[in-house]
Amino acid sequence: MVTLNFQQEIALQETSMSQNEDLEQQNKTISTPFVLQFNNLTYSINIRKEITIRRMLCRKDTGTIDTLSRKKVLLNDISGEAREGEIFAILGPSGSGKTTLIDALANKISKKSLRGSVTLNGETLESAVLKSISAYVMQDDLLFPMLTVEETLMFSAEFRLPRSVSKSKKMARVQTVIEELGLRDAAKTLIGDEGHRGISGGERRRVSIGVGIIHDPILMLLDEPTSGLDSSSAFMVVKILQQIARTGRIVIMSVHQPSSRVVGLFDHLIFLSQGETVYYGTPTHLSVFLSEFGHPVTENGETTEFMLDLYSNLEGLPGGTKSIVEFNKSWQTIRNHPYTSKHSNGLDLPSLKEAIYNTCANGSGRTWTSSKFANSFWVEIIVLMKRSLINSKRSAEIFLVRVAGVVASGFILASTFWHPDKTERGIVERLGFFVFIVTIIFFGNTDWLGVFVQERYIFMRETAYNAYRRSSYILYHSIIVIPTLIVLSLILASITFPAVSLDGGFLSFLFYFLAICASGWAANSLICLISGLFFQVVVGYTVAMTLVGLFLLYSGFYMNRDRIPSYWIWFHYMSPMKYPFQALVLNEFDKPNLCVAKVGAEPAMSCVMTGLDIIRKLDAIDLSKWSCLWITLAFGVIYRILFYFALSFGSKNKRK
Ligand SMILES: Nc1ncnc2c1ncn2[C@@H]1O[C@H](COP(=O)(O)OP(=O)(O)OP(=O)(O)O)[C@@H](O)[C@H]1O
Ligand SMILES: [Mg+2]
């Protein structure tokens, strides 16, 4: 019902808009303050041919590097111009280079590989300026499922709007965006995911757009904002984009197969095929173009659909789409098309600085920060924590499952190692318990991997537009895990310490708890690092399992240090499981005059093994228990630092 009202509203606006369109068109050409031009964009990549054994053996193919790699041209000499107030659509069949062109315009292709120029009002944009005045909305909606629409937009506002903007102004901006995107009725609804019902697909897409436009950008780049939507939702999204464009933005979007209604909303189009321009102009000129090319659109036929069919037919012919590419080039020159890239050169465009100043000063409320980040380091951490706490509160079942897991493991351990006796057998059991509890902690932490990898994608997207610093993300990430670790460690320690009759009273318990906590911290940080190095959860799990297995093998329990081959000894010292295991052993046995195994009958029992004997037997004499604890904590810190580097170097948002 709500959707219907909204659509009716759109339909009404559409009628009045079409009447004013001609007038608007004239005005635009006279007073266009922002014009994005891209000239001769060419981008190619080297594709390595698969080196098969046959090829290696066959002399013909084993020649130079050239025979092993081949150039693939993804964009070939693409030029065009998009203006403020307009929707510029990139069309073409799948694989034609639409996303690549959007990436080129969004400065997501390394400068070394991309030839040609992209300018705004004649000036090449610096990466930081482009980030602050543009928005890039990708095809997939990466949003936190447990936040409402309003909260999602509010966090986006907190990250992107300059700190000089007051909280109430940020809230007002969120409300404006909600109105602009027709999300009023969904504002308090959760985004949702597979497990939780949330907003609809069309609304999700509009929220993603909202996240992109919260800072009121001049330039909006959207990769297939309508994909996966039914035709009326797709129309609504493009209609909203048109309204957004009309309020003073350049909207550039790619679209795969738009309906004629949607095409009617575009101001001009570029059709791509295999990285080449096959048409560039307005939707209305397209039928003329096709007639002149010798393939007039059949009566009542949809022009864009006809064009796409024509491509696929041409692609099947020997010359491919070459004929239409050549025809387009001559057509552009002969007709001196109003949308050729040279057009705006004749206009008296203000300089970029001037245009930005004018748009901020004209009462639109636009403000962009000149600094790279909108907030200070600590504010970023607070906002990140606030968002994470809301998320965790709403997905409390995840925490409860973790608690249940720890309680269950604790009880299984407690019942298995229940009160070992004071004999040699009891000692072996106790040692087995120590190594097993450390192992459980390390393996138990691997379940964070999925969460971390998922969060990493959001991190990459948010840091791509400088929402926050990498360093504040790392610190927030480290702090947020500590309360959970403390609670889970306390539960595990409280269940197992008395059950296994560990020695030493409260102080010993306290150290035992700290050692468990430190193990949890090191394990969690290790998983964090793995999530930073591997994008795929399955690969991450395999690496984590293998590493934990090897760390366990070299922890010092299965093999004494002097028995480890010299070429593997470094792995013994690198094992983060060696130190908590040793700490637990020392906490239990490193006591003067402690007799751990006796023989004979009371009162004439004789001691056959002291605590020090065990420590010597395990060769655990190199460090004190406190040193072991600090080293375990240090391992966690080192893993987090390496995680920072993994994010810095592994999360480059640029194509080579
Ligand atoms: N790293 C790569 N290696 C090889 N080919 C690539 C690479 N990246 C892109 N391509 C190729 O470049 C072409 C253009 O890709 P692009 O993603 O821009 O197409 P698209 O028009 O956005 O397609 P779709 O509509 O399916 O999203 C495709 O043929 C694709 O296979
Ligand atoms: Mg694409």
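Computed from a predicted structure; not experimentally measured.

**Here we look at the pairing of strand 3 (residues 87–91)**
- Of all 5 residues in strand 3, 5 are buried, a share of seventy percent or more.
- Here strand 3 shows no split at all, with Ile-87, Ala-89 and Leu-91 on one side and Phe-88 and Ile-90 on the other all buried.
- In the sheet, strand 3 pairs with strand 8 (residues 250–255) via 5 bridges, with the strands oriented parallel. Directly across from Phe-88, in strand 8, lies its bridge partner Ile-252.

**Describing unusual backbone geometry**
- The phi dihedral of Asn-107 falls on the positive side, at around 60°, and the residue is not glycine.
- Looking at the element boundaries, Asn-107 is found in the loop between helix 4 (98–105) and strand 4 (114–120).
- The exposure class assigned to Asn-107 is buried, which follows from the 21 C-beta atoms found within 10 Å.
- Of note in the backbone geometry, Ser-501 takes a positive phi value of approximately 50° without being a glycine.
- Counting through the fold element by element, Ser-501 comes out in the loop between helix 19 (470–499) and helix 20 (505–533).
- In this structure Ser-501 comes out as partly exposed when scored by C-beta crowding, with 14 C-beta atoms within 10 Å.

**Some thoughts on the UniProt feature "transmembrane region" (unreviewed entry) in the protein chain**
- According to UniProt, the positions carrying the feature "transmembrane region" (unreviewed entry) are residues 399–419, 431–453, 474–497, 509–530, 537–557 and 629–647.
- As annotated, residues 509–530 comprises 100% helix and 0% strand, and the C-alpha atoms at either end are separated by 32 Å.
- Between the end C-alpha atoms of residues 537–557 there is a gap of 30 Å, over a span that is 81% helix and 0% strand.

**Structural notes on the site of ligand 1**
- The environment of ligand 1 is made up of 13 residues, and the closest members are Ser-94, Gly-95, Lys-98, Thr-99 and Thr-100.
- Of all the elements in the fold, those that place two or more residues in the shell around ligand 1 are strand 1 (35–48), strand 2 (69–83) and helix 4.
- For the shell around ligand 1, the leading source of residues is helix 4, giving 3 residues.
- In terms of residue class, the shell around ligand 1 is built from 3 nonpolar, 8 polar and 2 charged.

**Digging into the nonpolar core**
- Met-220, Leu-221, Val-251 and Ile-252 are the most contacted members of the largest nonpolar core, which has 161 residues in total.
- For this core, the leading source of residues is helix 20, giving 15 residues.
- The residues touching Val-251, leaving out its near neighbours within four places in the chain, are Ile-87, Phe-88, Met-220, Leu-241, Ile-244 and Ala-245.

**Some details on the sheet that holds strand 6 (residues 134–137)**
- Spatially, 6 strands are ordered 6-7-8-3-9-10 in an open sheet, and the strand pairing comes out mixed. Both edges of this open sheet fall to strand 6 and strand 10 (276–281), since each of them pairs with a single strand only. In this sheet, neighbouring strand axes are inclined to one another by 15° on average, regardless of whether the strands run parallel or antiparallel.
- Relative to strand 8, strand 7 (residues 219–222) is paired through 4 bridges, and the arrangement is parallel. Bridged to Leu-222 within strand 8 is Met-253.
- Where helix 9 (residues 231–246) meets the sheet, its contacts fall on strand 3, strand 7 and strand 8, and the angle it forms with strand 8 comes to roughly 155°.

**Some details on the packing of helix 20 against helix 21 (residues 537–553)**
- Put simply, helix 20 and helix 21 touch, their axes get as near as 9 Å, and they point 140° apart. Of the possible angle classes, the one that applies to helix 20 and helix 21 is oblique. Of the two elements, helix 20 crosses helix 21, and the hand of that crossing is right-handed. The residues of helix 21 that touch helix 20, namely those facing Ile-527, Ile-530 and Ser-531, are Gly-540, Val-543 and Ala-544.
- Here the residues of the contact of helix 20 with helix 21 are counted per class, giving 4 nonpolar, 2 polar and no charged.

**Regarding helix 21**
- For helix 21, spanning 17 residues, the distance from its first C-alpha to its last is 24 Å, which sits close to the expected 24 Å at 1.5 Å a residue.
- Residues Gly-540, Ala-544, Val-548, Phe-551 and Leu-552 constitute the buried set of helix 21. Projected onto a plane normal to the axis of helix 21, the buried residues spread over an arc of 95° and lie on a single side. Seen from the buried face of helix 21, the exposed residues on the opposite side, beyond 90 degrees, are Val-538, Thr-546 and Gly-549.
- Close packing links the buried residues of helix 21 with helix 17 (424–444), helix 18 (448–464) and helix 20.

**Quick notes on the environment of Leu-125**
- For Leu-125, the position within the fold is in the loop between strand 5 (123–124) and helix 5 (127–133).
- As for Leu-125 and Asn-107, which are separated by 18 residues in sequence, their C-alpha atoms are 9.0 Å apart.
- For Leu-125, the residues in contact, after removing those within four places along its chain, are Leu-120 and Leu-130.

**Focus on the pairing of strand 9 (residues 268–273)**
- Of all 6 residues in strand 9, 6 are buried; the element is thus mostly enclosed.
- In the sheet, strand 9 pairs with strand 10 via 5 bridges, with the strands oriented antiparallel. Each residue of the ladder has a partner; that of Phe-271, found in strand 10, is Tyr-279.
- Linking strand 9 to strand 10, which pair antiparallel, is a turn of 2 residues; within it Gln-274 sits at a positive phi near 50°.

**Looking at the packing of helix 6 (residues 149–160) against helix 7 (residues 167–180)**
- Packing of helix 6 against helix 7 brings their axes to within 9 Å, and their N-to-C directions diverge by 130°. Relative to helix 7, the element helix 6 is oriented oblique. Helix-helix and strand crossings are classified by hand; for helix 6 and helix 7 the assignment is right-handed. Across from Glu-150, Leu-153, Met-154, Ala-157 and Glu-158 in helix 6, the residues of helix 7 making contact are Lys-170, Met-171, Arg-173, Val-174, Val-177 and Ile-178.
- Classifying every residue of the contact of helix 6 with helix 7 by side-chain character gives 7 nonpolar, no polar and 4 charged.

Rules of the game
Residues numbered from 1 in each chain as written. Chains lettered and ligands numbered in written order. Predicted model: local features only at pLDDT ≥ 70, side-chain atom pairs only at ≥ 80, totals over all residues. Buried ≥ 20, exposed ≤ 12 C-beta atoms within 10 Å, placed from the backbone. Helix = DSSP H or I, 4+ residues; strand = E, 2+ residues; numbered from the N terminus. Pairing = 2+ DSSP bridges. UniProt positions renumbered as here; feature names shortened; annotations may be inferred. Near = placed C-beta within 6 Å. Nonpolar A, V, L, I, M, F, W, Y, C, P; charged D, E, K, R; others polar. Core = buried A, V, L, I, M, F, W, Y, C linked by C-beta atoms within 7 Å. Contact = placed C-beta atoms within 7 Å. Axes fitted to C-alpha atoms, helices over the stretch in contact; angles between N-to-C directions. Parallel < 35°, antiparallel > 145°, perpendicular 65-115°, else oblique. Left-handed = near helix turned anticlockwise from the far one by under 90°. Expected span 1.5 Å × (residues − 1). Arc of directions from axis to C-beta.

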